Amino acid sequence: MTRPRDAEHDTHARVDPDDDLGRASVWQDLVLATHLLETALDRQSQRDGGVSHGHFKILVLLHAAESHTLGLKSLAETLRFSPSRISHAVTALEHQGLVVRRPATGGRRAYDAVLTADGRRVVGRVLRSQRREIRDPLLEELGGLGTAALGDLSARIIGLLDGGARPPQG
């Protein structure tokens, strides 16, 4: 929750003295909130799944995909990872027995990542824990209106940052 601040006690970074204090405060709170959420998710996925949250995102995408299979190019595009980064991540997940890599059908040099049974178990365990320890307590604290507002704001942020489309004003 953003707290009212006065200029004398302001600890938020502003680009210049003319930067709006309220906007700078909201921005810094958003950056901190996203950092704290990512940190909590990473700690929890490491503890309950033995994987970083960045790697867990790959597992979740594979879990949701038809036949638990996606092309490496598709994974990279969805997560905005470079081809090299997705390849290294899939290699690490292969070493843990959570994913297997296989040549894509019809692709000359393309590869698919396939979630293994162990990978599906890790996804289930981590998601149950995330729901119990992070998601449900956070959304319960926000209440129905706060949760709806968060959903709306999140969709608008995604729209702005993912493709540059301007969300509807209002």
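Note that the coordinates shown come from a computational prediction; the quantities given were computed from them, not determined experimentally.

Explain the overall build of the chain to me, please; I cannot follow it from the model alone.
Helix and strand counts for the chain come out as five helices and three strands. The helix and strand sequence of the chain, counted from the amino end, reads α-α-β-α-α-β-β-α. By the burial criterion, 28% of the 170 residues in the chain qualify as buried. Of the roughly 11,600 Å² that the chain leaves accessible, carbon and sulfur atoms contribute 57%.

Can you walk me through the packing of aromatic side chains in this structure?
Describing an aromatic ring pair means giving the distance of the ring centres and the angle of the ring planes. Here the structure, examined in full by the defined rule, presents zero aromatic pairs. Above the face of the F81 ring, R85 is positioned so that its terminal group lies 3.8 Å from the ring centre.

Please clarify how helix α2 (residues 53–64) should be interpreted in this entry.
Given 3.6 residues per turn, any residue in an α-helix points the same way as the ones three and four places further on. The end-to-end C-alpha separation of α2 is 16 Å, in line with the 16 Å expected for twelve residues at 1.5 Å each. Every buried residue of α2 is accounted for by H53, G54, F56, I58, L59 and L62.

Can you help me understand the nonpolar core in this one?
I58, L59, I86 and V99 are the most contacted members of the largest nonpolar core, which has 21 residues in total. The contacts of I86, once residues within four sequence positions are left out, are I58, L72, L75, A76, L79 and F81.

Explain helix α3 (residues 72–79) here, please?
Turning to α3, its buried residues number three or more, namely L72, L75, A76 and L79. Looking down the long axis of α3, one finds its buried residues gathered within 95° of arc, a one-sided arrangement. Directly after α3, the chain includes R80, whose backbone phi takes a positive value near 60°.

What's the story with a nonpolar patch on the surface in this structure? I'm lost.
A cluster of nonpolar side chains, contributed by W27, L30, V31, L153, I157, L160 and L161, occupies part of the molecular surface with about 690 Å² of accessible area. Those elements giving two or more residues to the nonpolar patch turn out to be α1 (21–49) and α5 (117–161). Looking at the nonpolar patch element by element, the count peaks at four residues for α5. Among the structural elements, I157 can be located in helix α5.

I tried to follow the pairing of strand β3 (residues 111–115) on my own but got confused; where do I start?
Most of β3 is tucked away: four of the five residues are buried. Across five bridges, the pairing between strand β2 (residues 99–103) and β3 is antiparallel. Of the residues in β3, the one forming a bridge with V100 is V114.

Whenever I open this one, the pattern of salt bridges confuses me. Can you help?
Side-chain pairs of opposite charge can arise whenever the charged atoms involved come near each other. If you walk through the whole model with that rule in mind, you get nine salt bridges. With a closest N to O distance of 3.2 Å, D136 and R131 form a salt bridge. With a closest N to O distance of 3.1 Å, D136 and R135 form a salt bridge. Under the relative-accessibility criterion, R135 is labelled partly exposed at 41%. Here the salt bridges share partners, and the residues they tie into one network are R47, D48, R132 and E133.

What exactly am I supposed to notice about the sheet that holds β3 here?
Sheets are built from strands that pair by backbone hydrogen bonding, the pairs being arranged parallel or antiparallel. One open sheet holds the three strands; their spatial order is β1-β3-β2, and the pairing between them is antiparallel. Looking at which strands have only one partner, the edges of the open sheet turn out to be β1 (69–71) and β2. Ignoring which end each strand starts from, the neighbouring axes of this sheet average 30° apart. Here α3 sits on the sheet and contacts β1, β2 and β3; the angle it forms with β1, its principal contact strand, is near 80°. Running at roughly 120° to β2, helix α4 (residues 83–95) makes contact with β2 and β3 of the sheet.

Just to check I follow, could you spell out unusual backbone geometry for this structure?
Trans is the prevailing form of peptide bonds, just as negative phi is the prevailing case for residues other than glycine. A positive phi angle, close to 60°, is found at S67, a residue other than glycine. Relative to the assigned elements, S67 resides in the loop between α2 and β1.

What counts and what doesn't
- As a convention, each chain's residues are numbered from 1 in the sequence order in which they are written.
- Reporting of local features is limited, given that this is a predicted model, to residues whose pLDDT is at least 70; pairs of side-chain atoms are given and counted only at 80 or more, and all residues count toward the totals for whole chains, interfaces and linings.
- With hydrogens and water excluded, all non-hydrogen atoms of the structure serve as input to the side-chain values.
- Strands here mean DSSP runs of E at least two residues long; helices mean DSSP runs of H or I at least four residues long; both are numbered from the N terminus.
- Note on exposure labels: buried denotes an accessible area under 20% of the residue type's maximum, exposed denotes more than 50%, and partly exposed covers the range between, all computed with a 1.4 Å probe on protein chains only.
- What sets the accessible areas is the Shrake-Rupley method with a 1.4 Å probe; for residues, cover comes only from the shown protein chains.
- Think of it this way: a Phe, Tyr or Trp ring, Trp meaning its six-membered ring, pairs with another when their centres are within 6.5 Å, and the plane angle makes it stacked under 30 degrees, edge-to-face over 60, tilted otherwise.
- Ring-over charges, as used throughout, are those where CZ of Arg or NZ of Lys falls within 6 Å of the ring centre and within 35 degrees of the ring normal.
- Given the number of residues in a helix, its expected span is that number minus one, multiplied by 1.5 Å.
- Nonpolar cores were defined as sets of buried Ala, Val, Leu, Ile, Met, Phe, Trp, Tyr and Cys residues, with membership established by side-chain atoms within 4.5 Å.
- Whether two residues are in contact is decided by their heavy atoms, any of which lying within 4.5 Å being enough.
- Picture the helix axis, draw a direction to every C-beta atom, and the arc is the one those directions span.
- Patch rule: a residue counts if its relative accessible area is over 30% and it has no salt bridge; like charges are joined within 9 Å, and nonpolar side chains (Val, Leu, Ile, Met, Phe, Trp, Tyr) within 5 Å.
- Criterion for a salt bridge: a side-chain nitrogen of Lys or Arg within 4 Å of a carboxyl oxygen of Asp or Glu.
- Two strands qualify as a pair provided DSSP detects at least 2 bridges between them.
- Each axis is a line fitted through C-alpha atoms, taken for helices only over the stretch in contact, and angles between the N-to-C directions span 0 to 180 degrees.

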